[in-house]
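Here is what each chain is made of, one letter per residue.
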Amino acid sequence: MTRRRKRLVLIGLLMAGVAAAAMLALTAFQQNLLYFFSPSQVAAGEAPPDYPFRLGGLVVAQSVKRVSGSLDVRFQVTDGNRSIPVTYTGVLPDLFREGQGVVAHGQLDADGVFRADQVLAKHDEEYMPPEVKKALQVSDNDANPSRSSGGEP
Amino acid sequence: MWIWLHRLGSPPYFYRFAGRLLPWLWTACLVCLGVGLYWGLVVAPPDYQQGDSYRIMFIHVPSAWLSLFSYVLMASFSAAALIWRVKVAEVLARSIAPLGASFTFIALVSGSLWGKPMWGTWWVWDARLTSELILLFLYLGFIALASAFDDPRRAARAAGLLAVVGVVNVPIIHFSVQWWNTLHQGPTVSKLGSPSIAFSMLLPLLVMVIALHLYLLAALLQKARCELVARERSSRWVNDLLPGRGVGDELA
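Residues numbered from 1 in each chain as written. Chains lettered and ligands numbered in written order. Predicted model: local features only at pLDDT ≥ 70, side-chain atom pairs only at ≥ 80, totals over all residues.

Asks: Would you take a moment to explain the overall build of chain B for this structure?
Replies: Within chain B one finds 9 helices and 0 strands. For chain B, the spread of C-alpha atoms along the three principal axes comes to 65 × 35 × 30 Å. In chain B, which comprises 252 residues, the share counted as buried stands at 40%. Counting only contacts in chain B whose residues sit at least 6 apart along the sequence, the fraction spanning at least 24 positions is 73%. (Helix = DSSP H or I, 4+ residues; strand = E, 2+ residues; numbered from the N terminus. Buried ≥ 20, exposed ≤ 12 C-beta atoms within 10 Å, placed from the backbone. Contact = placed C-beta atoms within 7 Å.)

Next up, the structure:
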C-alpha cells in the first residue's frame, strides 16, 4: 500500500468512527434532544410528571378564551389525537392563532391542566401571498363548511 | 477531468485560472444579488401570516444553506490536503473558513431577529439552532487551529483533521428538524413533492441562493489567490509575477 492509499483509508476509518460515535450518542440522548412533547406523548405518560417540560401542538380552533380585565388565556393544544388544556398569563407572540402551532413551557397540575409560563409560536413551513391563502380557504370551506373560522383578523 | 484537476493543483496554474475567472464571477454575483434583493424585498408579495417579516428569509435561508455548503467544501479540501498533500487544497480550506463562519453568523443573527417577533423569543436551545451554533464554533476552532502554528503545512494538517471530523455535524443540522421536535420549522424548499412556498416567493429566493453561491466562489478564489502568493513568496513563479520581471500583467 502506498502512503497516499494508507492516508485515504485512515481518513475513511476516522470518518466512519466519528459518524458511528455521533450516531450512538444521538440515539442515547434521543429523549433529551426532543424540544417538546406532543399531547399524545403526554397522555401516554412519557412527559416527566413533576418537572417542567415543553408541550407542542396546534391550538384547537375556537378554544381560546380570554379572561377580560387580565392577561389570562386558556386554550386547548392538540396533535390530532389528544388535546390538553393550557392556561397562560402574559403576552402571546404575533403568530399565535387558532389552528397554528405553539410550544408552551410549563408544568402539568394534578387536574391534567398544563400551566404554561412561556408560550412560543411555532411557524409552519408554508409561505404564500394572502390572495392565495384566501383562495385556498374558499375552496376549503366549500369542501367542509364546519372549518370556516379564519382565525383572528 | 482528473488531468485538469491535477493541473489545478499546481499553484501557478491555479493562480492564473482563478484570475481569469474572477471578473466574470464578481459581475454575475453583483447582478444576481441586485436582482434577488430587489425582487425579494420589494416585488415579492407579503406572506399571508407574517406580512413583510418573512422577507428576512431571502437573507437567512441562502446564508444557512451556504454555511453548510461551505463546511462540506472546507472538509473536502482538507481531506484532499491530508491525503494527497495538495498545497492549493490547503490554501482553499484555509480561505473558505472565514467565509463559512460569516454565513453561519448571518444565519444565526437573522434567524434570531426573525424569531423575536414571530416565535416570541430570540433564542431557544432546540436541535436546529444548537447544531448551527456548534457549526459556528467548528469554523472558529478551525481558524484558531490554522493560525496557531508557524509552519503553514503543519497548521493545515491539524486544522484539516478538525474539519474532517466536524463534518458529522452537517447531516445533523440538515435533518435535525425531521429527527426531533424542534421549534424551527421543517424544510420548505427541499421537501419531496411540491415545495410549500408560493412560486412568486420561491423564484427570488433561488436567485438569492445563486447570488450567494457566486459570492462564495468569487470571494474564495480571490482570497485563495492572495494566500497562495503570500505562502509561495519565495518561489520563482511568484517572483515572475512582479512587474519588470516577466509576465507582470497578471498582478491585478
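So that's the structure; there's more coming.
Asks: Please clarify how the overall build of chain A should be interpreted in this entry.
Replies: Assigned secondary structure in chain A consists of 4 helices and 6 strands. Mapped from its N terminus to its C terminus, chain A presents α and β elements in the order α-α-α-β-β-β-β-β-β-α. Taking all contacts inside chain A whose residues are at least 6 apart in sequence as the whole, residues at least 24 apart take part in 45%.

Asks: How do you make sense of the domain arrangement of chain A when you look at a structure like this?
Replies: How big an interface is tends to be expressed through the accessible area that disappears when the partners come together. What the domain assignment reports for chain A is domain 1 (3-32) and domain 2 (35-127). Look at where the C-alpha atoms of domain 1 of chain A and domain 2 of chain A centre, and you get two points 39 Å apart. (Domains from an automatic or database assignment.)

Asks: Which parts of the structure should I look at to understand the confidence of the model for chain B?
Replies: The predicted coordinates ought not to be read in detail in places where the model reports low pLDDT. Residue and element names in this part refer to chain B. Per-chain confidence: chain B averages 88 in pLDDT, with 94% of residues scoring 70 or above. pLDDT under 50 marks residues 248-252. Its contacts with residues more than four places away, or in other chains, come to 9 contacts. Scored by ipTM, the complex comes to 0.70, with pTM at 0.83. (pLDDT = per-residue confidence, 0-100.)

Asks: What is the right way to read helix H3 (residues 57-84) of chain B from this model?
Replies: Residues and elements named next belong to chain B. Between the first and last C-alpha of H3 there are 39 Å, a value that for 28 residues agrees with the 40 Å anticipated at 1.5 Å per step. Counting buried positions along H3 yields 22 of 28 residues, so the element is predominantly enclosed. Looking one or two residues past H3, Arg85 carries a phi angle of roughly 55 degrees, positive in sign. (Expected span 1.5 Å × (residues − 1).)

Asks: Help me out: how do you make sense of the environment of Tyr127 of chain A in this one?
Replies: Within the element layout of this structure, Tyr127 of chain A appears in the loop between strand S6 (114-122) and helix H4 (130-143). Sequence separation between Tyr127 of chain A and Ser68 of chain A is 59 residues, and the spatial gap between their C-alpha atoms is 34 Å. If we skip the residues at most four places from it in the chain, Tyr127 of chain A touches Asp47, Tyr54, Thr188, Ile197, Ala198 and Met201 of chain B.

Asks: Sorry if this is basic, but what is going on with the interface of chain A and chain B here?
Replies: Taken together, the 32 residues of chain A in the interface contact 33 residues of chain B. When residues of the side of chain A that touches chain B are traced back to their parent elements, those giving at least two are helix H1 (3-28), S6 and H4 of chain A. When residues in the side of chain A that touches chain B are grouped by element, the largest group, 9 residues, is from H1 of chain A. Residues belonging to the side of chain A that touches chain B are distributed by class as follows: 22 nonpolar, 2 polar and 8 charged. (Nonpolar A, V, L, I, M, F, W, Y, C, P; charged D, E, K, R; others polar.)

Asks: How do you make sense of the nonpolar core when you look at a structure like this?
Replies: Generally speaking, soluble globular proteins have nonpolar side chains that are buried together. Counting 68 residues, the largest nonpolar core has Met74, Leu92, Ala93 and Ile96 of chain B as the members making the most contacts within it. For this core, the elements supplying multiple residues, two or more each, are helix H2 (11-43), H3, helix H4 (87-118), helix H5 (127-147), helix H6 (152-166), helix H7 (169-179) and helix H8 (199-231) of chain B. Apart from the residues within four sequence positions on either side, Ala93 of chain B is in contact with Met74, Phe77, Ser78, Ala81, Ala156, Gly160 and Ala163 of chain B. In terms of nonpolar packing, the next biggest core, distinct from the first, is built from 32 residues, Phe37, Val42, Ala47 and Leu95 of chain A among them. (Core = buried A, V, L, I, M, F, W, Y, C linked by C-beta atoms within 7 Å.)

Asks: I would appreciate a short explanation of the packing of H3 of chain B against H7 of chain B in the present structure.
Replies: Packed helices, taken two at a time, are described by their axes: the angle between them and the distance between them. Residues and elements named next belong to chain B. At a closest axis distance of 10 Å, the pairing of H3 and H7 adopts a crossing angle of 160 degrees. Put simply, H3 runs roughly antiparallel to H7. In terms of crossing hand, the pair formed by H3 and H7 is left-handed. Contacts from Leu68, Tyr71 and Val72 of H3 reach H7 at Val170, Ile173 and His174. For the contact of H3 with H7, a count of residues per class yields 5 nonpolar, 1 polar and no charged. (Axes fitted to C-alpha atoms, helices over the stretch in contact; angles between N-to-C directions. Parallel < 35°, antiparallel > 145°, perpendicular 65-115°, else oblique. Left-handed = near helix turned anticlockwise from the far one by under 90°.)

Asks: Help me out: how do you make sense of the packing of H1 of chain A against H3 of chain B in this one?
Replies: At their nearest, the axes of H1 of chain A and H3 of chain B sit 8 Å apart, and the two run at 140 degrees to each other. Taken together, the axes of H1 of chain A and H3 of chain B are oblique relative to one another. Facing Arg4, Arg7, Leu8 and Ile11 of chain A of H1 of chain A, the residues of H3 of chain B in contact are Ala79, Leu82, Ile83 and Trp84 of chain B.

Asks: Teacher, can you tell me more about the pairing of strand S3 (residues 72-78) of chain A here?
Replies: Working note: regular strand, side chains alternate between the two faces of the sheet. Residues and elements named next belong to chain A. When strand S1 (residues 53-59) meets S3, the two strands line up antiparallel, connected through 2 bridges. Looking at the pairing, Val59 lines up with Val77 of S3. Bridge count for strand S2 (residues 65-66) against S3 is 2 bridges, and the pairing is antiparallel. Note that in S3 the partner of Lys65 across the bridge is Arg74. With antiparallel pairing between neighbouring strands as the criterion, S2 and S3 make up a hairpin whose turn holds 5 residues, including Gly69 at a positive phi of roughly 85 degrees. Pairing between S3 and strand S4 (residues 83-89): 7 bridges, direction antiparallel. Across the sheet, residue Val77 finds its bridge partner in S4, namely Ile84. With antiparallel pairing between neighbouring strands as the criterion, S3 and S4 make up a hairpin whose turn holds 4 residues, including Gly80 at a positive phi of roughly 105 degrees. (Pairing = 2+ DSSP bridges.)

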